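# Summary of structural features
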Amino acid sequence: MSAPVVVITGALTGIGRATACAYARQGADLVVSGRHQDVGDQLAEELRDHGAQAEFVCADVRREQDVRNVVDKAVDRFGRLDIAFNNAGTEGKIGPVTEVTDEGYQSVFDTNVKGTLLCLKHEFRVMKEQGGGSIVNVSSIFGLMGYPDATVYAGSKHAVSGITKAAALEGAAHGIRVNAVAPGYTRTAMYERVNSAKDRDAIGSVLPVHRPGTPEEIAEAVQYLASDKAGYITGQVLTVDGGLMAGWPLFPES
Ligand SMILES: NC(=O)c1ccc[n+]([C@@H]2O[C@H](COP(=O)([O-])OP(=O)(O)OC[C@H]3O[C@@H](n4cnc5c(N)ncnc54)[C@H](OP(=O)(O)O)[C@@H]3O)[C@@H](O)[C@H]2O)c1
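Along each chain, numbering runs from 1 in the same order as the chain's sequence is written. With pLDDT at 70 or above as the cut-off, local features in this predicted model cover only qualifying residues; side-chain atom pairs require 80 or more to be listed or tallied, and sums for whole chains, interfaces and linings still use all residues. Computation of side-chain values: all heavy atoms of the structure, hydrogens and water removed.

As annotated in an unreviewed UniProt entry, the protein carries the name Glucose 1-dehydrogenase and comes from Frankia nepalensis. UniProt positions are given in the numbering used here, feature names are shortened, and annotations may be inferred rather than shown by experiment. Taken from UniProt, the Sequence similarities (unreviewed entry) comment for the protein reads in full: "Belongs to the short-chain dehydrogenases/reductases (SDR) family."

Okay, here's the thing in structure tokens:
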């Protein structure tokens, strides 16, 4: 595939932004989306400076019409949709299960779960018609195991892992591959929001590779999964976590 047409949600920061920049450097045709028009316009300009063709569409993934607009922009502007990276996500309010609220649940599940489903719905609409495509969702290591005080977020990311497998089975007959990345601790704004400075120090010492990942490292894994090099891989949730899920690490020397 020479210049794939790529759609990315939640592209204005962190992992989404790093992935957009990586695709732009490869000369992809990009539709990036997010919730802030001014930042989005700047990002599109930056991506064009990297040599890509890029459009920004302002979109909240909780709204179906917004998601439809993002996907339709790819088809209207570039004629097809090869790769979709469904990255937008929120951690919501981290706290004990006794403090879960309707509002908190809704914000996390509507973004992480309904948002992913809406993206898949509209990406499938186009990819089925054109005879194939590749989709990468974003789960988390907390979509594979638990974490205290993050029941809602962990529940939503477990849902993304399950949705990925079910959608992969449905897509297979149409040449559509659906996988997910499950990042571990990755240095982004979300990582800073969720983990205190003290926690961040501790994370470095318990991770097998002794450091959190970078958004660029997650982007590399996304690009691999989305590419033809992973042509026989579908329905998989790839942990990109510096070995965290491989097992219990050695205790740091005291
Ligand atoms: N960093 C980690 O350690 C880690 C680990 C595992 C999984 N993840 C997952 O990785 C993905 C990217 O997160 P990140 O680490 O790069 O953090 P981030 O910088 O906070 O990125 C999240 C992006 O999603 C956007 N977003 C949130 N709600 C949205 C909505 N309703 N509609 C459209 N966009 C929305 C945010 O934009 P706004 O500014 O508009 O909110 C932001 O640009 C998320 O799905 C996250 O759950 C991250």
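Past the structure itself, the notes keep going.
Bringing the packing of aromatic side chains into the picture now. Centres within 6.5 Å are what make two rings of Phe, Tyr or Trp a pair, Trp counting through its six-membered ring; a difference in plane orientation under 30 degrees is then read as stacked, over 60 as edge-to-face, and the rest as tilted. Counted by the stated rule, this structure contains 4 aromatic pairs. An angle of 20° between the planes, with centres 4.5 Å apart, marks the rings of Tyr 105 and Phe 109 as stacked. In this pair, Tyr 105 and Phe 109 both sit in helix α4 (residues 102-130), 4 residues apart, roughly one turn of the helix. Type-normalised accessible area, obtained with a 1.4 Å probe on protein chains alone, sets the label of each residue: buried when under 20%, exposed when over 50%, and partly exposed for intermediate values. When its relative accessible area of 42% is taken as the criterion, Tyr 105 is described as partly exposed. With a relative accessible area of 18%, Phe 109 lands in the buried category. Between Phe 142 and Tyr 147 the ring centres are 4.5 Å apart and the planes differ by 40°, which places this aromatic pair in the tilted class. Residue Tyr 147 is classed as partly exposed on the basis of its relative accessible area, which comes to 31%. The rings of Phe 142, Tyr 147, Tyr 185 and Tyr 191 are connected pair by pair, giving a single aromatic cluster. Numbering of helices and strands runs from the N terminus, with a helix taken as a DSSP run of H or I at least four residues long and a strand as a DSSP run of E at least two residues long.

Turning next to the site of the ligand. The cutoff for a nearby residue is simple: one of its non-hydrogen atoms must lie within 4 Å of the molecule or strand. Around the ligand sit 26 residues, and of these Thr 13, Ile 15, Arg 35, Tyr 153 and Thr 188 come closest. At 2.7 Å, a side-chain N or O of Tyr 153 approaches an oxygen atom of the ligand. To be clear on the numbers: accessible area is Shrake-Rupley with a 1.4 Å probe, and residue cover counts the displayed protein chains and nothing else. When the ligand sits alone it has 880 Å² of accessible area, and the protein chains cover 90% of it. Looking at the shell around the ligand, the elements with two or more residues in it are α1 (14-25), α5 (151-172) and α6 (189-194). Here a polar contact is taken to be a pair of N or O atoms separated by no more than 3.5 Å, where protein atoms must pair a possible hydrogen donor with a possible acceptor and residues adjacent in sequence count only if both atoms sit in side chains.

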